[in-house]
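Descriptive analysis of the structure
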Amino acid sequence: MKRYNILFAFSLCLCLLLGCTTANAAFSDVEPGSWYESAVTQMAEKQLLTGYADGSFRPNQTISAAEFVAITARTAGTTPGQGQSGHWAAGYLQRALEAGWYDWDELPPTGEGYDQPIPRQLAVKILMKALLPSVRGDYNSESAKISDFSQLNGRYYEAVLAAYACGVVQGDASGAFRPTSGLSRAEACILIQRAEKLAGEGGNPGTPEQPSQPDPKPPEPVTSIRGGVSENGWLQVKGAQLCNQAGQPVALRGMSSHGLHWFGQFTNAQSIQNTARAGANVFRIAMYTGEGGYLSQPEQVKRQLIAAADAAIAQDMYVILDWHILSDGDPSAHTQEAVAFFTELAQRYKDSPAVLYEICNEPNGGISWSGNVKPYAQQVVNAIRAQSPQGVILIGSPTWSQDIHQAAADPVVGENLMYTLHFYAGTHGQDLRDRIDAVRAQGFAVFVSEWGTSRADGNGGVFLTESAQWLDFLDQRGISWCNWSLCDKNETSAALRPGTNPNAQWGPESLTESGQFVFSRFGK
Ligand code: DCB
């Protein structure tokens, strides 16, 4: 005992002599003078990180997702919320998810990924969203700095380009980023500290985000396309048929984006123009409301939606603004938010014949048409009509927009309304086609605003024979469609190959099997 006291007194003296400030600052394995020493020491002093019980910091150990998110959250001044699991960092992870720093599929709240190494591309996205959300990087100049840019998953482009633009990430000697590898605890500290310093300086350099009060008039189209807005004008619903301004039947065919907040890079002017050049005359913007989308970060996601809509309008395309409920299966849980959103957007686009409103992507779960969806739809339709007397409105139904027969039995009141039918060729077949015919025979108009060549989960197949059978059926009836989805996610329904450049023209090599098939069917 005595010996320890003496030792303690001795080290205390030594500490005072050397000017140590806190015990934290002296991790047993942080080498004095090393490249990471000052970052680790300073962050420990600010209590943004702690070491291990044995007094070590383990700088070379790969950092886990939980550790990275917790240190980033503390650096951003975020206090922990109510975590769903018993994990030590669950409160921080919950807050980060709510703030949209990452999406639920990247680190599911069930916690199985929390203690796994965090891939570098995900770490950079979280860091940029948390500390430098308004920094942007130019695609051409920044991607040129990254020798393995093609390895990057498209959903991380924006964050990684921004991180290079402002210097948070500086490539290694070979210029490689190694997007799917882990990073060491020491490296993580360096990145977080750089981001914190830049955030303190106001987030420069990089391109600051423009404030969102753009002029209320949508831009004029710069080109005109076959079957586009300049040719067809205002759309109108006559019985079961969608018609153009002159009253002639018209079918819109095109792509749906994937989730705007995940794959927004493919809603830029170049990507939309690429689909227009292939013959598409409509573009659907899927704005997820749940899963980290609009309800978690409304202003940012709405800005993205408006930019995408204006880009489509500039290509002479029709554009669908899709309130993409999915994990939030009951639309009436967010009627107020939807009414406010559509009031604002319909006000903004009331003079544009290009815009269609899709008010509930896919109601699902234990809900009913007459009890949940119809009352919601009626309120939102009324709100849109108060601004836009004639814009076409697309309405979903229970069972992921398959129960159009229930809607037809108890329809929403109004003009220029259509019911959406969604199908996935690997899952759905003749019975849904029969349902379409039955509902149309009753005088209701159907719009296939989402369909996929895959199974209903977006993967599997592809089912091109079944898809062709479906499209022949729709084309014979002049029914409009949008294919899911214009993104490069590694799933069979994606039209683009992983790593596709959103800022270049696309050739056949850019398209997946699904994409090649779908693009060949636009002009039919
Ligand atoms: C719809 C959704 C759409 C979903 C696709 C494919 O959901 F409107 O958001 O997209 O169809 O499932 C998928 C993406 C994935 C993503 C996932 C979650 O392709 O990359 O991870 O959303 O955001 C449907 C459609 C039909 C049925 C079920 C779903 N069905 N569903 O008939 O059972 O459960 O998502």
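Now for a look at the structure at hand. What you see is a predicted model; the values in this text were computed from it and never measured. (Residues numbered from 1 in each chain as written. Predicted model: local features only at pLDDT ≥ 70, side-chain atom pairs only at ≥ 80, totals over all residues. Heavy atoms only, no water.)

Structural notes on the overall build of the protein
This is how it is decided: In this description a helix means any DSSP run of H or I spanning at least four residues, a strand means any run of E spanning at least two, and both kinds are numbered starting from the N terminus. For the radius of gyration, the atom set is restricted to C-alpha positions; the globular benchmark scales as 2.2 Å times the number of residues to the power 0.38. Each residue is assigned to one of three classes by its accessible area relative to the maximum for its type, calculated with a 1.4 Å probe on protein chains only: buried under 20%, partly exposed between the two thresholds, exposed over 50%.
Helix and strand counts for the protein come out as 19 helices and 10 strands. Taken over C-alpha atoms, the radius of gyration comes to 26 Å for the protein, in line with the 24 Å a tight globule of 524 residues would show. Dimensions along the principal axes, computed over C-alpha positions, put the protein at roughly 95 × 45 × 45 Å. The proportion of buried residues among the 524 residues of the protein is 56%.

Details of the nonpolar core
Rule in force here: For our purposes a nonpolar core is just a set of buried Ala, Val, Leu, Ile, Met, Phe, Trp, Tyr and Cys residues, chained together by side-chain atoms within 4.5 Å.
The biggest cluster of nonpolar side chains holds 101 residues, and the ones touching the most others in it are Leu321, Phe342, Ile359 and Ile395. Here this core gets 8 residues from one element, more than from any other, and that element is helix H12 (residues 298-314).

Examining helix H8 (residues 185-200)
Using the following cut-off: Expected helix span is given by 1.5 Å per residue-to-residue step, counting one fewer step than there are residues. A contact between two residues is defined here by any heavy atoms of the two lying within 4.5 Å.
With 16 residues, H8 ought to run about 22 Å at 1.5 Å a step, and its terminal C-alpha atoms sit 22 Å apart, in line with that. Among all positions in H8, only Arg185, Ala186, Ala188, Cys189, Ile190, Leu191, Ile192, Gln193, Ala195 and Leu198 are buried. Each element contacted by the buried residues of H8 is listed here: helix H2 (37-45), helix H3 (65-75), helix H5 (120-131) and helix H7 (157-166).

Some thoughts on the site of the ligand
Rule in force here: Being near a molecule or strand, for a residue, means having at least one of its heavy atoms within 4 Å of it. As used in this structure description, the phrase polar contact means that two N or O atoms lie within 3.5 Å; if the pair is within protein, one of them must be able to donate a hydrogen and the other to accept it, and residues adjacent in sequence are counted only when both atoms belong to side chains. Computed by Shrake-Rupley with a 1.4 Å probe, the accessible areas treat only the displayed protein chains as cover when residues are assessed.
Taken together, 19 residues surround the ligand, and among them Tyr288, Glu291, His324, Ala456 and Glu491 come closest. At a separation of 2.9 Å, an oxygen atom of the ligand approaches a polar side-chain atom of Glu362. A total of 650 Å² of accessible area belongs to the ligand in isolation, and the protein chains cover 83% of it.

Comments concerning the pattern of salt bridges
Note the threshold: The term salt bridge refers to a side-chain nitrogen of Lys or Arg lying within 4 Å of a carboxyl oxygen of Asp or Glu.
Applying the stated criterion across every chain yields a total of 25 salt bridges. Several salt bridges share partner residues, and in doing so they unite Asp103, Asp105, Glu106, Lys125 and Arg155 into one network.

Some words on the packing of aromatic side chains
Rules: For Phe, Tyr and Trp, where Trp contributes only its six-membered ring, two rings pair if their centres lie within 6.5 Å, and the inter-plane angle classes them as stacked under 30 degrees, edge-to-face over 60, or tilted in between.
Under the defined criterion, the tally for this structure stands at 22 aromatic pairs. The interplanar angle of 85° and the centroid separation of 5.0 Å between the aromatic rings of Trp35 and Tyr36 together place this pair among those described as edge-to-face. Its relative accessible area of 7% is what places Tyr36 among the buried residues. Ring geometry for Trp323 and Phe342: centres 6.0 Å apart, planes at 55°, overall tilted.

Considering the environment of Lys125
In this structure, Lys125 sits in helix H5. In sequence terms Lys125 and Ser296 are 171 residues apart; their C-alpha atoms lie 16 Å from each other. Lys125 has contacts with Trp101, Tyr102, Asp103, Glu106, Tyr156 and Ala159, leaving out every residue within four places of it along the chain. Within the structure, Lys125 has its side chain in polar contact with the side chain of Asp103 (distance 3.3 Å).

Focus: the sheet that holds strand S4 (residues 282-288)
Worth spelling out the cut-off: A strand pair is defined by DSSP finding two or more bridges across the two strands. Only the stretch in contact is used when fitting a helix axis, every axis being a line fitted to C-alpha atoms; angles between N-to-C directions are given from 0 to 180 degrees.
Read around the closed barrel, 8 strands run S3-S4-S5-S6-S7-S8-S9-S10, paired in parallel fashion. Adjacent strand axes in the sheet meet at a mean angle of 25° when their direction is disregarded. Note: strand S9 (residues 446-452) against strand S10 (residues 481-486), 2 bridges, orientation parallel. Considered in S10, the bridge of Trp451 is made with Asn483. Across the face of the sheet, helix H17 (residues 430-441) comes into contact with strand S8 (417-424) and S9 while running at roughly 170° to S8. Sheet strands touched by helix H18 (residues 464-477): strand S3 (253-257), S8, S9 and S10. Its angle to S9, the strand with the most contacts, is close to 165°.

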